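Residues per chain, in single letters:
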Amino acid sequence: MSKPSTLGGACIIASVCVGAGMLGLPSAGAGAWTLWTVLAISVTMVMMTLSGWLLLEALKHYDFKVSFNTITKDVLKGKVNAINNLSLYFVGGILLYAYISSSGMIFGGVFDINAKLASVLFVIASSVFVLHSTRAVDRISVLLIIFMAISFIIGISGLATNIQVPTLLDSLDSQTSLSPYALAILPVALTSFGYHHSVSTMRDYYRDENRAKNAILGGTLIALTFYVIWVVCIFGNLPRTQFGPIVAAGGNVDALMTALGGVVNSNSIKQALNIFSIAAVVSSFIGVGLGVFDYLADFFGFEDTQQGRFKTWAVTFIPPLVFSLFAPFGFVAAIGLAGAAATIWTCIIPALLAKKLRQRQPEQQGFVVPGGNITIYAVIIFGVLTAIFHILAMANILPVFNG
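What you are looking at is a predicted structure, and each value in this text was computed from that prediction instead of being measured.

Draft legend 1. Seen up close, the overall build of the protein chain. Assigned secondary structure in the protein chain consists of 15 helices and zero strands. Its C-alpha atoms give the protein chain a radius of gyration of 20 Å, within 12% of the compact-globule value 22 Å for 403 residues. In terms of its C-alpha atoms, the protein chain occupies a principal-axis envelope of roughly 60 × 45 × 40 Å. For the protein chain, the proportion of its 403 residues judged to be buried stands at 59%. Considering only contacts within the protein chain whose residues lie at least 6 apart along the sequence, 85% involve residues at least 24 apart. Averaging the positions of the 21 positive and the 16 negative side-chain charges in the protein chain gives two centres separated by 4 Å.

Spelled out as structure tokens, the structure:
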């Protein structure tokens, strides 16, 4: 069998990220608007790439099939591992739940069928790639990223040529200070780069930490490129005052697409944007599903056999599907909740694992994240502050944009 390409792994990482970010960031960033949103997601990309690398460095001391549960239990012990497991499953589950709920609305409208039936069919059709193998997810992720890029270029071309600089910079509303809203973006931005449950998958896939490192960096760079172009084009077309209905609708995909339809005249561009949003949901669902799948296989000790993989598939996809059928709610609300909990296992735990293992084995060999303890403490501080900002926003202490 040929060696897996770095591009394939990068596309898996990018596919995990892009759905949450592309569909959640415009609404989350509506308060801070263009410059502050771009700054927030750029800083988040750097910190989340470093935290993923720290987890990769920690994993190098273990077998390739080992995931979060085993390494955290061994290094940080039972209580910390229990907290980490709860937060990781909560985030993975709520992301799958958000994508399933969104897919029901999208595909229900496309095929004119009941939204709940559309959600069930979506889960069955999309999760089969995860059930099959990581290589299958690699192949479909590359195709979806290419498909997304083509539809993205077509859709964005119409938005890019229609950008109004005063709208992009919100210069018509000079009385409003935008910077206070920037802190509330961070939980959604963090979730937009929450690929960390796939780090052990990448390491096992390549059997080489340095190649996995390159795939992670490639994936986060692809995601950042999509995000910056998308945010600039959205904010350059939709005035800040028009985001009220989108935010009120929970930032759902259909509300954003409806609002864009009001400013884009070309039917082909509207269709391309709709196709792009569909591809983003599908790719992220598959990418997140793969990470949760491998994590739960390690947690429950399911074997990598046909029967074992089916058990893992069931515990991965059935619970979020059931919840989405009975209690769907806003996309951005789900992503925000995920972001607050994700700080534990995307920032704090990877940094603590790397620090402990460096102390256990001072003479480091193989892959080591640059920056020493400065990198570790920076990642921890970023994670803690992001969680605090989300709590403050929920308590209405930080300003939250409502239109």
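Draft legend 2. View of the side chain of Thr375. In this structure, Thr375 sits in helix α15 (residues 372-394). Beyond its immediate stretch of four places on either side in the chain, Thr375 contacts Leu50, Leu54, Val369 and Pro370.

Draft legend 3. A look at the nonpolar core. Ile71, Trp230, Phe243, Leu260, Phe285 and Leu353 are the most contacted members of the largest nonpolar core, which has 126 residues in total. Residues contacting Trp230, with those up to four places away along its chain left out, are Met22, Pro26, Phe152, Ile156, Leu256, Met257, Leu260, Leu273 and Phe276.

Draft legend 4. How the structure looks around the environment of Ile391. Position of Ile391 relative to the elements: it lies in helix α15. Each C-alpha atom of the pair Ile391 and Glu303 lies 39 Å from the other, and the pair is 88 residues apart in sequence.

Draft legend 5. Region of the structure containing unusual backbone geometry. The backbone of Lys77 sits at a positive phi, close to 75°, despite the residue not being glycine. Along the chain, the position of Lys77 falls in helix α3 (residues 68-111). The class for Lys77 is exposed, based on a relative accessible area of 52%. One non-glycine residue, Asp112, adopts positive backbone phi at about 55°. Tracing the chain through its elements places Asp112 in the loop between α3 and α4 (115-132).

Draft legend 6. Focus on α3. With 44 residues, α3 should reach 64 Å at 1.5 Å per residue; the first-to-last C-alpha distance of 39 Å falls well below that figure. Backbone geometry just after α3 places Asp112 at a positive phi near 55°.

Draft legend 7. Inspection of the environment of Val130 at higher detail. Inspection of the secondary structure puts Val130 in helix α4. A relative accessible area of 0% places Val130 in the buried class. Residues Val130 and Val288 lie 158 residues apart in sequence; the distance between their C-alpha atoms is 9.7 Å. Apart from the residues within four sequence positions on either side, Val130 is in contact with Val137, Ile286, Gly289, Leu290, Phe293, Arg309 and Phe317.

Calculation notes
Residues numbered from 1 in each chain as written. Predicted model: local features only at pLDDT ≥ 70, side-chain atom pairs only at ≥ 80, totals over all residues. Heavy atoms only, no water. Helix = DSSP H or I, 4+ residues; strand = E, 2+ residues; numbered from the N terminus. Rg over C-alpha atoms; globule rule 2.2 N^0.38 Å. Buried < 20%, exposed > 50% of the residue type's maximum accessible area, 1.4 Å probe, protein only. Contact = heavy atoms within 4.5 Å. Lys, Arg positive; Asp, Glu negative; His and termini not counted. Charge placed at Lys NZ, Arg CZ, Asp CG, Glu CD. Core = buried A, V, L, I, M, F, W, Y, C linked by side-chain atoms within 4.5 Å. Expected span 1.5 Å × (residues − 1).

Just geometry here; none of it tells us what the structure is for.
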